[in-house]
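# Fold and geometry: a report
The primary structure of each chain is shown beneath.
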Amino acid sequence: MSFQDLVADRLAVPNKTINKCIPALPLEPIQTERMFSMQIELRESCDYALLVPTSMGVRLTPLGGQPVHCSDTFTLKATSAETNVASVSSYLGLPVKVLTSFVKDNPFAQFIKDNLASRHMDYEGKEIDQGGPWGYRHQINVADSGYGSRGPRVYNDRAGEVGRTLNVKDFDLDHIFGQQGVKIVHLTGLVGALSPETGTFCLQLARTAKQYGTRISFDLNYRATFWKNREQELRDLFSEIASLSDILVGNEEDFQLCLGIEGPEAGGDDLANKIDRFKGMIDRVKQAFPNAGVFATTLRQVVSTNCHLWGAIMSVGDQWHVVEPREITVLDRIGGGDGFVGGLLYAILKDWDPEKWIQFGWASGALATTLYTDYAQPADEEQIWSIWHGNARVKR
């Protein structure tokens, strides 16, 4: 029975009347090939549920979805992909720590610190002297939200990025992982590929995490501009991090270009082909990286800037979960994928059953796209579950 049929039956009105005001929502969008339960055992008695290394920056966004080149008024937000992920956990009450670097005595650095504190995150990072007007600064991300038939545009200005100085020598990893304790460390290919120093930093984080029993999540996040003329160096680096990881996130391109996994034959662009291709890819990844037990990616089809079909697919052990794409209304799409990973990790940290991992991840990503920040700011778990269930009624 569909959601519309259920409502029509309860209200004793024709189904066609319901169809006009309620979008088609499957009551059970999760498809499971076989019954199998797998939980990820996490360390106990840890100061931090989640740890993220990151290069913090700011985002400039024109008001009202206007294009950058037409605008003279912008909002300023602190941002990074990794803290976007961590925000789901921090807003829902789990302890989070951020490892980063700051420009010393810099107003943007103070702006970022205040933002992290407002998001209930602890942070640790070396203060780097700016070194004059052509020295270090925090990255600047200039991005409009787009509107209707006009897609968003993003302009990254990373010259002098202080986050490229992240160095393992600036942190006491034995203290962080051994004495403070961390349940999950989340790494991304963005930080891993920023510079040779940040790559070494991420690898050492993974090694130390493994030593102390911390679970490792790795979002591959391939960026062609970061990899130019460094292909073999970064593939070796990413492959070692992936070999230590418990959770791998990425699409077909990520797994092929970051890890050198042979991709399946190209098929059509419909959902069934995308899912089949991803499953074929993951079968190869599992053979190459048997330590990982969770693989996930999002599925997105853009109908217009403000209307997307949003779905996800996840493999846990030998079990597959698929959230078939459902229509969501989008205010600003940036950070939706990070929200998905953030919700997924939160669900794992809460020790829920695997089917809820992808459900909560899907809904957390959908929540992020309704906000002008790049990160989800859930009021509570109920708000996210309401999105999953298609319930947008007012709560008083």
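In what follows, the accompanying structure is described. Small disclaimer: the values here were computed from a predicted structure and weren't measured.

## A short note on unusual backbone geometry
- Residue Asp105 is not a glycine yet carries a positive backbone phi of 55°.
- Structurally, Asp105 is set in the loop between β5 (96-103) and α4 (107-118).

## What about the packing of helix α9 (residues 231-244) against helix α10 (residues 252-259)?
- Contact geometry of α9 with α10 gives a least axis separation of 8 Å together with a crossing angle of 115°. The orientation of α9 with respect to α10, classified from their angle, is roughly perpendicular. Across the interface between the two elements, Arg235, Phe238, Ser239 and Ala242 of α9 pack against Gln256, Leu257, Cys258 and Leu259 of α10.
- Along the lines of polarity and charge, the residues of the contact of α9 with α10 split into five nonpolar, two polar and one charged.

## Examining the environment of Lys356
- Note that Lys356 resides in helix α13 (residues 354-368).
- Classification of Lys356 by relative accessible area gives partly exposed; the value is 36%.
- Taking C-alpha positions, Lys356 is 10.0 Å from Trp385, a pair spaced 29 residues apart along the chain.
- Among all residues touching Lys356, those that are not within four sequence positions of it are Ala347 and Trp385.

## What about the side chain of Thr305?
- Relative to the helices and strands, Thr305 resides in the loop between β12 (294-304) and β13 (307-316).
- Residue Thr305 is classed as buried on the basis of its relative accessible area, which comes to 7%.
- Leave out the neighbours within four places in its chain, and Thr305 touches Ser145, Gly146, Tyr147, Gly148, Arg150, Gly151, Pro152 and Val330.

## Section: the pairing of strand β10 (residues 215-219)
- A large share of β10 lies buried, amounting to four of its five residues.
- Bridging between strand β9 (residues 182-188) and β10 involves five bridges; their strand directions are parallel. By the bridge assignment, His186 is partnered in β10 with Ser217.
- Sheet topology note: the β10/strand β11 (residues 247-249) ladder contains three bridges and is parallel.

The rules behind these values
- Residues numbered from 1 in each chain as written.
- Predicted model: local features only at pLDDT ≥ 70, side-chain atom pairs only at ≥ 80, totals over all residues.
- Heavy atoms only, no water.
- Helix = DSSP H or I, 4+ residues; strand = E, 2+ residues; numbered from the N terminus.
- Axes fitted to C-alpha atoms, helices over the stretch in contact; angles between N-to-C directions.
- Parallel < 35°, antiparallel > 145°, perpendicular 65-115°, else oblique.
- Contact = heavy atoms within 4.5 Å.
- Nonpolar A, V, L, I, M, F, W, Y, C, P; charged D, E, K, R; others polar.
- Buried < 20%, exposed > 50% of the residue type's maximum accessible area, 1.4 Å probe, protein only.
- Pairing = 2+ DSSP bridges.

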